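One letter stands for each residue in the lines below.
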Amino acid sequence: MAELPVEAVRAYLGRRGLGAGPVEVGLALRELGHLVSDGTVRATVTALRRDSLGAGPLDAVLALPGVTDVLVNGAGQVYLDRGQGLEPAEVGFNGEAEVRRLAVRLAASVGRRLDDGSPFVDARLASGVRVHAVLGVVADAGTCLSLRVPRTRSLGLEDWVSGGAMAAEASRVLSDVVAARAAFLICGGTGSGKTTLLATMLGVVPAAERIVIAEDSRELAPDHPHCLRLEGRPANAEGVGAITLTDLVRQALRMRPDRLVVGEVRGAELVDLLTALNTGHEGGCGTVHANSAADVPARLEALAALGGLGRAAVHAQVAAALDLVIGVRRLPDGRRWVDEVRVIRQDGASGLCTAAPALRFLPGGGTERLDAHAELGAMVRP
């Protein structure tokens, strides 16, 4: 079949205010001088609807089992992640205009502006898919899309073990951490599984406890009967109406949480979280981007500075508020892996905190018991 005149038909229908049904498409094809057949009409209608509903040509990729991320680098490159690292996807776009049109439509579907004056957007679609878009005026590859797919079911610790992402001993330790109401942060790089692991651990929280979650964009969906999820929002086109994570954490404190959760600590909201954990809110937790678990205290120091907290004050707050850091990473073969557990220590002379290694879980099997192992044991199994 010859290449379909989709763009010409779209323009024709748009000029006349017509829908994209078979009758209207057949009329457009005839007026534009193209062959009209059942197959041509049907294929053109399908192409037009694909570009106006859902995620267009990406819908088929998003529906593949196990897909967590779909990445579009302009019209020529589409990648997906099924837990084994990035791989090329067998879909494509017919030029930059099609990618940009999809990006603009996805943004508009949730009331967000995306144009040359506001060339990037981060939003959550009605389906739960999180989309980040950057137009070609910023990215040299052309319009870029990053879509994060929510899991259709919650994972249990046993699923991590059976899937080769966690050692059996790690599963036992993390269960003990939750039961002991230890305050912890999960750290790792982008796509390492921080949010998924946090949701799994929240699913182990006793059903009688109330969880309140604050997130920039809703991603956490723990399998728990008493969980409230608060979601921030950016400012509107007039620059007003923003709801920040700091706002959400402060509101969460008034909602009688048994567990206060910040989906990702990335700014001044850290100060409010530390304050909350130092005022009787045990078992609080969240995730944070860091180069390694050992670097978390330095990362928290930098974030707290955004909230106006000095170095000595933040280390004092961290020492009193946080117990543990759990590190996750990607293995060379692309698998996510729960790598280590560290204990927060405060040096008596300098007052500075460090993350002392307690356990390291080896992908090939076995566990290394390190310097702070005894402290970890006393903390979670008193």
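All values derive from a computational prediction rather than experimental measurement. (Residues numbered from 1 in each chain as written. Predicted model: local features only at pLDDT ≥ 70, side-chain atom pairs only at ≥ 80, totals over all residues. Heavy atoms only, no water.)

With that settled, the discussion passes to the sheet that holds strand β15 (residues 367-369). On the basis of which strands lie adjacent, the open sheet formed by nine strands has the order β9-β8-β10-β11-β7-β12-β13-β14-β15 and mixed pairing. Only two strands of the sheet have a single partner each, and these edge strands are β9 (227-231) and β15. For this sheet, the mean inter-axis angle between neighbouring strands, taken without regard to orientation, is 25 degrees. By the bridge criterion, four bridges tie strand β8 (residues 211-215) to strand β10 (residues 259-262) in an arrangement that is parallel. Counted as the bridge partner of Ile 211 is Arg 259 from β10. (Pairing = 2+ DSSP bridges. Helix = DSSP H or I, 4+ residues; strand = E, 2+ residues; numbered from the N terminus. Axes fitted to C-alpha atoms, helices over the stretch in contact; angles between N-to-C directions.)

Bringing helix α11 (residues 296-306) into the picture now. An α-helical turn contains 3.6 residues, so any two residues separated by three or four positions project in the same direction. Residues Val 296, Pro 297, Leu 300, Leu 303 and Ala 304 constitute the buried set of α11. Along the long axis of α11, the arc covered by the buried residues comes to 125 degrees, so they all point the same way. Buried residues along α11 sit in contact with β7 (184-188), α10 (269-277), β11 (285-289), α12 (311-321), β12 (324-330) and β14 (353-361). Looking one or two places after α11, you find Gly 308, whose phi comes out positive at around 85 degrees. (Buried < 20%, exposed > 50% of the residue type's maximum accessible area, 1.4 Å probe, protein only. Arc of directions from axis to C-beta. Contact = heavy atoms within 4.5 Å.)

Residues Phe 120, Val 137 and Val 138 make up a contiguous nonpolar surface patch of roughly 290 Å² in combined accessible area. Structurally, Val 137 can be placed in the loop between β5 (130-134) and β6 (144-148). (Patch = residues over 30% accessible without salt bridge, like charges linked within 9 Å, V, L, I, M, F, W, Y side chains within 5 Å. Areas by Shrake-Rupley, 256 points an atom, 1.4 Å probe, with all protein chains shown as cover. Salt bridge = Lys/Arg side-chain N within 4 Å of Asp/Glu carboxyl O.)

For the chain, per-residue confidence averages 89 on the pLDDT scale, and residues scoring 70 or more make up 97% of the total. Within the chain, the element-level pLDDT minimum falls on helix α3 (residues 38-50), averaging 78, and the maximum on β14, averaging 97. (pLDDT = per-residue confidence, 0-100.)

Alignment of strand β1 (residues 69-73) against β6, held across five bridges, turns out to be antiparallel. Paired with Asp 69 across the two strands is Arg 148, which belongs to β6. Of the strand pairs in this sheet, β5 and β6 are connected by five bridges, and their pairing is antiparallel. The residue bridging His 132 from the neighbouring strand is Ser 146, located in β6.

Right, let's talk about the nonpolar core for a bit. Counting residues in each nonpolar core, the largest one holds 41 residues, and the members touching the most others are Phe 184, Leu 197, Met 201, Ile 326 and Leu 376. Residues contacting Phe 184, with those up to four places away along its chain left out, are Val 177, Leu 198, Met 201, Gly 284, Cys 285, Gly 286, Leu 322, Leu 324 and Ile 326. Core analysis: the second largest hydrophobic core is formed by 35 residues, Ala 183, Leu 273, Leu 277 and Val 325 among them. (Core = buried A, V, L, I, M, F, W, Y, C linked by side-chain atoms within 4.5 Å.)

This brings us to the pattern of salt bridges. On inspection of all chains with the given rule, the structure shows 27 salt bridges. For the salt bridge of Asp 116 with Arg 100, the shortest nitrogen-to-oxygen distance reads 3.0 Å. Of the two residues, Asp 116 sits in the loop between α5 (96-109) and β4 (120-124) while Arg 100 sits in helix α5, which places them 16 residues apart along the sequence. The exposure class assigned to Asp 116 is partly exposed, which follows from its relative accessible area of 48%. Here the residues in one salt-bridge network are Asp 69, Asp 122, Arg 130, Arg 148 and Glu 219, joined through shared partners.

Right, let's talk about the packing of helix α9 (residues 245-252) against α10 for a bit. Orientation of α9 relative to α10, taken along the N-to-C sense of each, is 20 degrees, at an axis distance of 8 Å. Taken together, the axes of α9 and α10 lie roughly parallel to each other. Along this stretch, α9 crosses α10, giving a crossing that reads as left-handed. Across the interface between the two elements, Leu 245, Thr 246, Val 249 and Arg 250 from α9 touch Glu 269, Asp 272 and Leu 273 from α10. (Parallel < 35°, antiparallel > 145°, perpendicular 65-115°, else oblique. Left-handed = near helix turned anticlockwise from the far one by under 90°.)

Across the two faces of β4 the burial differs, with Val 121 and Ala 123 buried and Phe 120, Asp 122 and Arg 124 not buried at all. The turn linking β4 back onto β5 is made up of five residues, and Gly 128 within it adopts a positive phi angle of 95 degrees.

Look at Arg 181: it is not a glycine, yet its phi comes out positive at around 60 degrees. Tracing the backbone shows Arg 181 in the loop between α7 (168-179) and β7. Classification of Arg 181 by relative accessible area gives partly exposed; the value is 22%. If you check the backbone angles, Arg 256 has positive phi at about 50 degrees while not being a glycine.

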